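Spelled out from the first residue to the last, the chains are:
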Amino acid sequence: MRLRTGLREQGTHVLGLHAGPIDTDMASELTLPKVKPVDVVRQVLSAIEAGRDEVLADDLTRQVKAGLSNEVGIYLNFDPERTVAPATLELAQV
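Conventions we followed
- Residues numbered from 1 in each chain as written.
- Predicted model: local features only at pLDDT ≥ 70, side-chain atom pairs only at ≥ 80, totals over all residues.
- Heavy atoms only, no water.
- Helix = DSSP H or I, 4+ residues; strand = E, 2+ residues; numbered from the N terminus.
- Buried < 20%, exposed > 50% of the residue type's maximum accessible area, 1.4 Å probe, protein only.
- Lys, Arg positive; Asp, Glu negative; His and termini not counted.
- Salt bridge = Lys/Arg side-chain N within 4 Å of Asp/Glu carboxyl O.

### Structural notes on the side chain of R4
With respect to the helices and strands, the residue R4 is situated in helix α1 (residues 2-9). The side chain of R4 is buried and forms no salt bridge, while D53, the nearest opposite charge, is found at 4.3 Å.

### Comments concerning the pattern of salt bridges
What the rule picks out here adds up to 4 salt bridges. D53 is paired through a salt bridge with R8; the nearest N and O atoms lie 3.9 Å apart. Placement of D53 in the loop between α2 (37-50) and β2 (54-56) and of R8 in helix α1 is noted, with a sequence separation of 45 residues between them. You can call R8 partly exposed: its relative accessible area is 36%. R62 is the partner of D59 in a salt bridge, and the nearest nitrogen-oxygen pair spans 3.0 Å. With D59 and R62 both in helix α3 (residues 59-68) and 3 residues apart, the pair spans about one turn of that helix. Note on D59: relative accessible area 52%, which makes it exposed. On the basis of relative accessibility, which here comes to 37%, the residue R62 falls in the partly exposed class.

In structure tokens:
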């Protein structure tokens, strides 16, 4: 996480690309839906131009992200000076 922050401070943009199967030779045996490489490239270039930090390249990755959290990932805006309080786990009594 500190690498991303350090690179941002020197003016380097780090973009996280998240993708399920991409229609390449490596995924040719898969019968799952695949995103076309040209579509991934278009999304990445668009995200760079817009200054975004993350690309979710296909429906699968968008569904996974939606199922995880509505919060922006800490790795996108990590502040090493910020203290993160430990999460509190509450157990339901049965």
